[in-house]
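Descriptive structure summary
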Amino acid sequence: MTQPMILVTGATGKVGGAVVAQLHAAGLPVRALVRGESDLPEGVRAVRGDLGDPASLGAALEGVDAVFLVWPFLSAEGASDVIDAIGKHARRVVYLSSAGVGNEQEEPGEAITLFHTELEQLVEASGLEWTALRPTGFASNTLGWAEEVRTTGAVRAPLAALARPLIHEADIAAVAVRALTTDALLGARPLITGPELITQEQQAALIGEAIGRPVRFEEITLDEAAEQMRATGYPAQLVEAVLPGQARLLDDPEPVNGEVERITGAPARSFREWAVDHAADFDSTSGIRPGAPTA
């Protein structure tokens, strides 16, 4: 009997890539939606298409039973057409949402929460079988520090004391695989978290341990951080959403739960494990010598 095909969007990203890898490792038929050249596991078929152009998705969706949906835009514009296209082929969609999405009575207060809320509503109204995954902050977001760590041995960022239960992309993927391949999470919106609260200063130190040389955390102001984000090309609505949202978490941190283990049977990976897994991203033979002074 032929196993159903699963389409993964965002397949070249950290979470989507982990979903592709886990499905492929399990011997399950998986197809990757890509916009250009891609480096995928041998045997995984890449099909070109763009979520910004629903008409381009036909070949990718042909014969597909379930879709892992990662929305790459900061608004829900065009999402209805994409979900309609999915519904013409597949019977199930698993949407990568956010822990910031509250219940239906809450008014979303920032750009990120707003589009995730709208996407969840569209998915739930589609008539498809659905699951909306709500992870806390991604450990992989700290890869934004990688170049600075390689070249200066330091992280310059605001909110040293900000503690979050950052989640490993492999754990998000493991929950997604369960949602895609079993009925255990149908109609569910699981909040999934890392195993403990880790401050940003501790995150930098753990990255240092993983690469074998100290990494300092140099705290800057929120205004300096906003200017940095704008200078590197972040959209204004993202800057206005991310930094105030992070500041609020100082007094009202995200919860820590055991949902990853409950769903997958394995405990959530720690940030220390994530840092070891990604040590090569932060290390470079062209970087500073251990212990060398920096400007």
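One can find the structure itself at the top, above this paragraph.
Residues numbered from 1 in each chain as written. Predicted model: local features only at pLDDT ≥ 70, side-chain atom pairs only at ≥ 80, totals over all residues. Heavy atoms only, no water.

In spatial order, the strands read β3-β2-β1-β4-β5-β6-β9; together these seven strands make up an open sheet with parallel pairing. Both edges of this open sheet fall to β3 (45-48) and β9 (191-192), since each of them pairs with a single strand only. Relative to strand β2 (residues 30-34), strand β1 (residues 5-8) runs parallel, the two sharing three bridges. Within β2, the position partnered with Ile6 by the bridge is Val30. Across the face of the sheet, helix α1 (residues 14-25) comes into contact with β1, β2, β4 (64-69) and β5 (92-96) while running at roughly 160° to β1. In the packing of helix α6 (residues 169-181) onto the sheet, contacts are made with β1, β4, β5, β6 (129-135) and β9, and the angle to β5 comes to roughly 160°. (Pairing = 2+ DSSP bridges. Helix = DSSP H or I, 4+ residues; strand = E, 2+ residues; numbered from the N terminus. Contact = heavy atoms within 4.5 Å. Axes fitted to C-alpha atoms, helices over the stretch in contact; angles between N-to-C directions.)

What follows covers the nonpolar core. Among the nonpolar cores identified, the biggest contains 31 residues, and Val8, Val19, Leu23, Phe68 and Leu180 are the most heavily contacted of them. Only β1, α1, β2, β4, β5, α6 and α10 (259-264) provide two or more residues apiece to this core. Sort the elements by how many residues they give to this core and α6 lands first, with seven residues. Not counting chain neighbours up to four residues away, the residues in contact with Val8 comprise Gly16, Val19, Val20, Leu23, Val30, Arg31, Ala32, Leu33 and Phe68. Core analysis: the second largest hydrophobic core is formed by 27 residues, Leu7, Val47, Val64 and Ala85 among them. (Core = buried A, V, L, I, M, F, W, Y, C linked by side-chain atoms within 4.5 Å. Buried < 20%, exposed > 50% of the residue type's maximum accessible area, 1.4 Å probe, protein only.)

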